[in-house]
Amino acid sequence: MKIAIASGKGGTGKTTVSTNLAFFLCEVNDNVVYLDCDVEEPNGHLFLNPVLSEKIVSSIPVPVVDESKCDICGECVRFCEYKALVRLGKTVMVFPELCHGCGGCTLVCPQHAIQEQPREIGFVESGNSGKIGFVHGRLNIGEAMSPPLIRGVLRQIHSDGVNIIDAPPGTSCPVIASIRDVDFVVLVTEPTPFGLNDLGLALDMVRELGVPHGVVVNRAEEDNRDAENFCEKKQVEILTKIPDDRRIAECYSKGGMILKDVPDVRKNFEELWNAIRKRVKE
Amino acid sequence: MKEIVIISGKGGTGKTSIAASFASLAAEKAVFADCDVDAADLHLILKPTIRQRTEFRSGHRALIKSNLCTGCGRCIELCRFEAIAKRKSDDKIPEIDPVACEGCGVCVRFCPSQAIDFNEEVCGEWFISDTRFGPMVHAKLGVASENSGRLVTLVRNEAKRVAKDKGAAYVLIDGSPGIGCPVIASLTATSLALIVTEPTVSGNHDFRRIAGLTRRLGVPAMVCVNKWDINPEKTEEIKAYALQEGLTFAGMVQYGKTATIAQRAEKCIVEFPDSKMAADIKNIWVKVNEWLKKQ
Ligand code: SF4
Ligand code: SF4
């Protein structure tokens, strides 16, 4: 089973929900894996403190032009959709940061002057946090393209386990790369205008992808029903509501696990897991 | 004209609330650009009236024409983005997953039957608007669309153009979370980045990464800590790191309900002038201006 935890807006509690859900599940299931796909700002390790045992460098193949063979015909420059190749005087220059590694220029070059060389964009590390399998990706600073690294993280999914995927915030390519093949998406929101606006965008995205989904309302306030009204209007199920509690905020700020420090939230994770199980079985 | 970008690394640290307050403080002297194009929120506070609306076209997407496809499978072999597959093993014709397709055009070029179309994509829309504080340029990325970096660059360039026409002193940019493509596009070659972080282990971790990115791009950076009193020790740690790395410390904003109250009232925090948060944000704005003057 693959469950992604996502949110349009950042900072709504995605990592709190995913790390604690993994922690909750590992008590009853021996094959729980937490995969942090927020490779630009991976945070899961700060809470799960994993012992990392393996590191795989992630790279994309970028072209290198052999000047002795290149007759500057410009085929590759014309082909590249990302303007990663530019003709400058008597040479073709490569801008590796713009290259998506599609391999097209190598194939179109009539002189066979282009070869590919791996360029590191980040790395995938894996290990364990107690009984939880742990995987995360870390994008190198200055790199723009995270989807290839995210695909590297997802290659470590345990097909027979419960995989909890911590997706990046937003609604563009990195999120889509993280959630396109999952069984269920949990969208974490907070009941503020920003939170709900971004939840709306995230709902449009998961609906476009056709993935089953539900909402966790985090920092829910007793006297505010904005999130409930919003979800009712959008016809999306609220899986659980985690209360706004200063103890949770403090525990989080120190890098603690709320299931350990604030025992009342156990019932939220029970509720969440039951709701997910029911929906995934359907 | 100075371009000031407000970024955060980690999401949800209060970047947009501070950007909106700056918009009020810089009123009439600034143009605003919302470069958080895939989760834009600034409009909820600035309430823009749209003056001009333009389609954003960028990149292409491949589509197999089933009447011409012979099912040879060459495209499946060539696509590096795992975007092409036969849905079921006995399907004759493969399908391209529009969401996974990065629009590189390899399949289009090398399909032996020329069976693949390559149409330009509408990836969203962008707007020039008026707000109670001045002009604003913003955008909406299409659902599940690519090219957020290019849209950010477009929004920034338009905001600069409007600012030049108007003789504005500042362009204020609300950036996006993370350190990837849209963030790089909003940061590159700006006059100053204000990093908004929070005193949590993750805020601190992400702050270091975004600070690293500003250094790498050669953009001078200031830092402020939002909700500083949630964890004063972490705040000190962030401050110490900032100074050690040669960043300027711009100040702190205390935790308060005004942030949510203001959001619900569709106002900026500084439009609640008696709140402590408003005073804190004003101090940061003063610091930012002192810094800009020294340059
Ligand atoms: S591999 Fe593709 S993206 Fe990279 S330079 Fe060549 S054509 Fe452009
Ligand atoms: S255009 Fe490129 S990414 Fe899209 S399906 Fe064709 S080969 Fe794959």
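What counts and what doesn't
Residues numbered from 1 in each chain as written. Chains lettered and ligands numbered in written order. Predicted model: local features only at pLDDT ≥ 70, side-chain atom pairs only at ≥ 80, totals over all residues. Heavy atoms only, no water. Helix = DSSP H or I, 4+ residues; strand = E, 2+ residues; numbered from the N terminus. Contact = heavy atoms within 4.5 Å. Areas by Shrake-Rupley, 256 points an atom, 1.4 Å probe, with all protein chains shown as cover. Lys, Arg positive; Asp, Glu negative; His and termini not counted. Charge placed at Lys NZ, Arg CZ, Asp CG, Glu CD. Domains from an automatic or database assignment. Buried area = accessible area lost by both parts, 1.4 Å probe. Nonpolar A, V, L, I, M, F, W, Y, C, P; charged D, E, K, R; others polar. Salt bridge = Lys/Arg side-chain N within 4 Å of Asp/Glu carboxyl O. Polar contact = N/O pair within 3.5 Å; in protein donor to acceptor, adjacent residues only side chain to side chain. Pairing = 2+ DSSP bridges.

Attention now goes to the overall build of chain B. On a plain count of helices and strands, chain B comes out with 10 helices and 11 strands. Along the three orthogonal principal directions, the C-alpha set of chain B runs to about 70 × 40 × 35 Å. Sequence separation of at least 24 residues holds for 76% of the intrachain contacts in chain B that already meet a minimum separation of 6. Total accessible area on chain B stands at roughly 11900 Å², and carbon and sulfur atoms take up 49% of it. Of note, chain B has its 40 positive side-chain charges centred 3 Å away from the centre of its 35 negative side-chain charges.

All names here are of chain B. Along its sequence, chain B is carved into domain 1 (2-47 + 131-294) and domain 2 (58-122). At the junction of the two partners, domain 1 supplies 5 residues and domain 2 supplies 7 residues. Buried area between domain 1 and domain 2, both sides added, is near 410 Å², and the carbon and sulfur share of it is 29%. Here the side of domain 1 that touches domain 2 is built from residues that sort into 1 nonpolar, 2 polar and 2 charged.

This brings us to the interface of chain A and chain B. Tallying the contact residues gives 63 residues for chain A and 65 residues for chain B. For the interface between chain A and chain B, the tally reads 8 salt bridges. A salt bridge links Arg109(B) to Glu75(A), with the shortest nitrogen-to-oxygen separation between them at 2.5 Å. In this structure, the connection of chain A to chain B is made through 36 residue pairs in polar contact (both at pLDDT 80 or more). Mapped onto the side of chain A that touches chain B, the elements with two or more residues apiece are helix H2 (44-48), helix H3 (75-79), helix H4 (104-108), strand S7 (132-139), helix H5 (147-154), helix H6 (173-179), helix H7 (193-209) and helix H9 (246-253) of chain A. Looking at the side of chain A that touches chain B element by element, the count peaks at 9 residues for H7(A).

Before going further, it helps to spend a moment on the pairing of strand S6 (residues 116-131) of chain B. Residues and elements named next belong to chain B. Inspection of the sheet shows strand S3 (residues 49-64) paired to S6 by 13 bridges, in the antiparallel sense. Note that in S6 the partner of Arg61 across the bridge is Asn119. Relative to strand S7 (residues 134-141), S6 is paired through 8 bridges, and the arrangement is antiparallel. Within S7, the residue paired with Phe127 across the bridge is His138.

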